[in-house]
Amino acid sequence: GQQVMQIPQYQHVQEGEDFTTYCNSSTTLSNIQWYKQRPGGHPVFLIQLVKSGEVKKQKRLTFQFGEAKKNSSLHITATQTTDVGTYFCAGPNRGSTLGRLYFGRGTQLTVWP
Amino acid sequence: SAVISQKPSRDICQRGTSLTIQCQVDSQVTMMFWYRQQPGQSLTLIATANQGSEATYESGFVIDKFPISRPNLTFSTLTVSNMSPEDSSIYLCSVAGEGGETQYFGPGTRLLVL
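These lines cover the structure that appears in this document, whether it is placed above or below. (Residues numbered from 1 in each chain as written. Chains lettered and ligands numbered in written order. Predicted model: local features only at pLDDT ≥ 70, side-chain atom pairs only at ≥ 80, totals over all residues. Heavy atoms only, no water.)

Right, let's talk about the overall build of chain A for a bit. The helix and strand tally for chain A stands at zero helices and eleven strands. Tracing chain A from N to C terminus, the helices and strands come up as β-β-β-β-β-β-β-β-β-β-β. Taking 2.2 N^0.38 as the reference for a compact globule, 113 residues should give roughly 13 Å; the C-alpha atoms of chain A span a radius of gyration of 14 Å, in line with that estimate. Along the first, second and third principal axes, the C-alpha atoms of chain A reach 45 × 30 × 20 Å. The 113 residues of chain A split such that 48% are buried. A separation of at least 24 residues holds for 54% of the contacts in chain A among residues at least 6 apart in sequence. Accessible surface for chain A amounts to roughly 5,500 Å². Of this, 51% is attributable to carbon and sulfur atoms. Placing the 12 positive and 6 negative side-chain charges of chain A at their respective mean positions leaves the two points 12 Å apart. (Helix = DSSP H or I, 4+ residues; strand = E, 2+ residues; numbered from the N terminus. Rg over C-alpha atoms; globule rule 2.2 N^0.38 Å. Buried < 20%, exposed > 50% of the residue type's maximum accessible area, 1.4 Å probe, protein only. Contact = heavy atoms within 4.5 Å. Areas by Shrake-Rupley, 256 points an atom, 1.4 Å probe, with all protein chains shown as cover. Lys, Arg positive; Asp, Glu negative; His and termini not counted. Charge placed at Lys NZ, Arg CZ, Asp CG, Glu CD.)

Residues and elements named next belong to chain A. The strand order β1-β3-β8-β7-β6 describes an open sheet built from five strands, whose pairing is antiparallel. What marks the edges here is a single partner per strand, and that holds for β1 (4-7) and β6 (55-58). Between one strand axis and the next, the sheet turns through 15 degrees on average, direction left out of account. (Pairing = 2+ DSSP bridges. Axes fitted to C-alpha atoms, helices over the stretch in contact; angles between N-to-C directions.)

By the definition in use, this model includes eleven aromatic pairs over all chains. Each ring, one from Y35 of chain A and one from F103 of chain A, has its centre 5.3 Å from the other, and the planes form 55 degrees; the classification is tilted. Taken together, the positions of Y35 of chain A in strand β4 (residues 32-37) and F103 of chain A in strand β10 (residues 101-103) put the pair 68 residues apart, joining distant regions of the chain. A single burial state applies to Y35 of chain A and to F103 of chain A, both of which are buried. Geometrically, the ring pair formed by F88 of chain A and F103 of chain A is edge-to-face, given 6.3 Å between the ring centres and 80 degrees between the ring planes. Here F88 of chain A is found in strand β9 (residues 85-92), whereas its partner F103 of chain A is found in strand β10, with 15 residues between them in sequence. Like F88 of chain A, the residue F103 of chain A is buried in the burial classification. Taken together, Y35, F45, F88 and F103 of chain A together with Y35, Y104 and F105 of chain B form an aromatic cluster joined through their ring pairs. (Phe/Tyr/Trp six-rings, centres within 6.5 Å; stacked < 30°, edge-to-face > 60°.)

Moving on, we come to the pattern of salt bridges. All names here are of chain A. A complete count under the given rule lists four salt bridges over all chains for this structure. A salt bridge links D83 to R60, with the shortest nitrogen-to-oxygen separation between them at 2.8 Å. One end of the pair, D83, is in the loop between β8 (71-76) and β9; the other, R60, is in the loop between β6 and β7 (61-65), and 23 residues separate them in sequence. Looking at R60, the relative accessible area reads 23%, which means it is partly exposed. (Salt bridge = Lys/Arg side-chain N within 4 Å of Asp/Glu carboxyl O.)

Printed below as a string of structure tokens:
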């Protein structure tokens, strides 16, 4: 079945270092979304990528969608302690009811001050 | 984005009992969803809550175990029936954002079954 794989599962960085998480799908995605979940919190929508090769930036966060629309990445430049949390990618369930999403396993980011 | 609230925020329950979780949205939304997130794990979609008809369940989830109600466009409930410790999890409701593809989540209900 459709799967969204995400690596790494954990990442520990020193404050100021960069961080990247990668997401791969077994099938072509119509779009890919990224969510952040702070410890003890709920997932919060960050961004949606739709076009092949699309790149979007939010301050220190850079999101990319692969040319084949099967992979995506989230890169954080110069991490801060406020970046701590788990980052999930999610892709739509192919050919099904709008809104149903498959979530990757998530990358749990720890930032040491 | 919609403001979503859930009740209760957390609960500790005995095995064999049932718990009903409420999800309230501050605006009318077409699509509402229920997810489960087990400790340290990703989110798994339980079902789509349809207004005026039965919920649509994902593989591995059944109505007898997780009955869902959706009486109107701002409210839904999820019941976790005949609970066992394996049901200990965070239960999240979500609504579809503009365009129907993205999702906004409620704060979650943290359930511990003893």
